[in-house]
Amino acid sequence: MSTRHLPAQIGDLPPIGRPANGALLAASVTTLAQVATWRRRDLLALHGVGPKAVAILDAALAEHGLAFADSPAGRAHP
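Residues numbered from 1 in each chain as written. Predicted model: local features only at pLDDT ≥ 70, side-chain atom pairs only at ≥ 80, totals over all residues. Heavy atoms only, no water.

(A) How the structure looks around the nonpolar core. Ranked by size, the top nonpolar core spans 19 residues in total, and within it Leu13, Leu24, Val35, Leu43, Val49, Leu57 and Phe68 carry the most contacts. Broken down by secondary-structure element, the contributors of at least two residues to this core are α1 (18–26), α2 (32–35) and α4 (51–63). Sort the elements by how many residues they give to this core and α4 lands first, with five residues. In contact with Leu13, not counting residues within four places along its chain, are Leu24, Val29, Thr30, Thr31, Leu32, Val35 and Leu57. (Core = buried A, V, L, I, M, F, W, Y, C linked by side-chain atoms within 4.5 Å. Buried < 20%, exposed > 50% of the residue type's maximum accessible area, 1.4 Å probe, protein only. Helix = DSSP H or I, 4+ residues; strand = E, 2+ residues; numbered from the N terminus. Contact = heavy atoms within 4.5 Å.)

Set out below in structure tokens:
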């Protein structure tokens, strides 16, 4: 499946690549605040999201004073 129709960047998320964007859109995740409610392993389980995308998201979360849910200060994803 082509990801050319997907935007290069979504909301306030950093550019992580179209496959990862497609996976996040399918999971209704469009903001860093929403990413912060997820655990790293749950994001990695999404088809299209790899370690590089998670590392980029982790850095962006830190820049905004946020963290993944599995970080000591994070919140659990429902």
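(B) The arrangement of α4 in detail. An ideal rise of 1.5 Å per residue puts 18 Å on 13 residues; α4 measures up with 18 Å between its terminal C-alpha atoms. Where α4 is concerned, the buried positions are Ala53, Val54, Leu57, Ala60 and Leu61. Along the long axis of α4, the arc covered by the buried residues comes to 125°, so they all point the same way. Exposed residues lying more than 90 degrees from the buried face of α4 are Pro51, Lys52, Ala62 and Glu63. For α4, the secondary structure elements touched by its buried residues are α1, α2 and α3 (40–44). Gly65 sits one or two residues past α4 and shows a positive phi near 70°. (Expected span 1.5 Å × (residues − 1). Arc of directions from axis to C-beta.)

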